[in-house]
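Structural characterization, general
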Amino acid sequence: MAAAAGLHPTAAPLAVAGLAVAVCTVLAVVDPEDRTLWTPRCPFRAATGLDCPGCGGTRALTALLRGDPLLAVSHNLLTVLLLPLLVWGWTGWLRHRAGRRTTRPDIPTWAAWTLAIGVPAFMLLRNLPWAPLAWLGSGAG
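Below or above, wherever it landed, is the structure these notes cover. (Residues numbered from 1 in each chain as written. Predicted model: local features only at pLDDT ≥ 70, side-chain atom pairs only at ≥ 80, totals over all residues. Heavy atoms only, no water.)

1. Things to note about the overall build of the protein
The cut-off we apply is this: Comment: elements are numbered from the N terminus, with helices defined as DSSP H or I runs of at least four residues and strands as E runs of at least two. Burial here depends on accessible area, computed with a 1.4 Å probe over protein chains only, as a share of the maximum for the residue type. Under 20% is buried, over 50% is exposed, and the range in between is partly exposed. The contact criterion used is simple: two residues touch if any of their non-hydrogen atoms lie within 4.5 Å. All accessibility values rest on the Shrake-Rupley procedure with a 1.4 Å probe; residue burial counts only the protein chains present in the view. For the charge count, each Lys or Arg is scored as positive and each Asp or Glu as negative, with His and the chain ends excluded. Every charge is mapped onto a representative atom, which is NZ of Lys, CZ of Arg, CG of Asp or CD of Glu.
Along the protein, the regular secondary structure elements total six helices and zero strands. Across the protein, helices and strands are ordered from the amino to the carboxyl terminus as α-α-α-α-α-α. Judged by the C-alpha coordinates and their principal axes, the protein covers about 50 × 40 × 30 Å. Taken over 141 residues, the protein has a buried fraction of 21%. Pairs at least 24 residues apart make up 58% of the contacts formed inside the protein by residues separated by at least 6 positions. Accessible surface, the protein: about 9500 Å² in total, of which carbon and sulfur atoms supply 72%. Both charge centroids of the protein, one from 11 positive and one from 6 negative side chains, sit 11 Å from each other.

Structural data, given as structure tokens:
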């Protein structure tokens, strides 16, 4: 993908990083559990009463930013597991755009299949009411 005219090739990955830092800064200040402020609500959960794969992700990220990984896992295990992969993918993208990597960073086929099967399986399992699977739920009331 060619860079837009006049922009440095790393502009897009750096813009994404800036947006991520801005979101993390807001989450460090605003508690997503505080219902007096506007916080995003899951439309899937509102319509069905079930947790989607992302339910609890904002609270999990907030817990990680505040140094509480166990609380983060209790909010959304998938978010905690995927964050390192997201950072790894972003790093590969930046390296590629900076010219430090000659091949485009592709997702391996096994990883794509793992995500394609794992994310829906996580969604199904976290909505089952039996222990220990109920522990996978977001804990949102």
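2. Things to note about the side chain of Ser138
The topology assignment puts Ser138 in the segment after helix 6 (109-126). With residues up to four places along the chain from it excluded, the contact list for Ser138 reads Arg45, Asp51, Cys55, Gly56, Arg59, Ser74, His75 and Arg126.

3. Re the packing of helix 3 (residues 57-65) against helix 5 (residues 77-97)
Counted only if it meets this: Fitted lines through C-alpha atoms serve as axes, helices being fitted only where they are in contact, and the angles separating the N-to-C directions of these axes extend from 0 to 180 degrees. What makes a crossing left-handed is the near helix being turned counterclockwise from the far one by less than a right angle; a clockwise turn instead makes it right-handed. Ten residue types, Ala, Val, Leu, Ile, Met, Phe, Trp, Tyr, Cys and Pro, are classed as nonpolar, four, Asp, Glu, Lys and Arg, as charged, and the remainder, Gly among them, as polar.
Direction vectors running N to C along helix 3 and helix 5 enclose 65°, while the axes themselves pass 9 Å from each other. Taken as a pair, helix 3 and helix 5 cross one another with a handedness that is right-handed. Across from Gly57, Ala60, Leu61 and Leu64 in helix 3, the residues of helix 5 making contact are Thr79, Val80 and Leu83. Grouping the constituent residues of the contact of helix 3 with helix 5 by class yields five nonpolar, two polar and no charged.

4. Here we look at the environment of Val80
By the secondary structure assignment, Val80 is in helix 5. Along the backbone, Val80 and Pro13 are 67 residues apart, and their C-alpha atoms lie at a distance of 22 Å. Beyond its immediate chain neighbours, meaning those up to four positions away, Val80 contacts Leu64, Ala72 and Val73.

5. Considering helix 5
Under the convention used in this document: Here, expected helix span is obtained from the residue count minus one, scaled by 1.5 Å. Two axes are fitted around each residue, one to the seven residues ending there and one to the seven starting there, and the angle between them is reported as the bend at that residue. Whenever a nitrogen or oxygen atom comes within 3.5 Å of another N or O atom, the pair is scored as a polar contact, on the condition that within protein one atom can donate a hydrogen and the other can accept it, and that pairs from neighbouring residues in sequence are kept only if both atoms are in side chains.
Spanning 21 residues, helix 5 covers 31 Å between terminal C-alpha atoms, matching the ideal 30 Å at 1.5 Å per step. Approximately 30° is the largest bend angle found in helix 5, and it occurs at Leu83, with the proline Pro84 only one to four residues beyond. Listed as buried for helix 5 are Leu78, Thr79, Val80, Gly92 and Arg97. Lining the buried residues of helix 5 we find helix 1 (11-29), helix 3, helix 4 (69-75) and helix 6. A side-chain oxygen of the first residue of helix 5 lies 2.9 Å from the backbone nitrogen of Leu78; this N-cap is Asn76.

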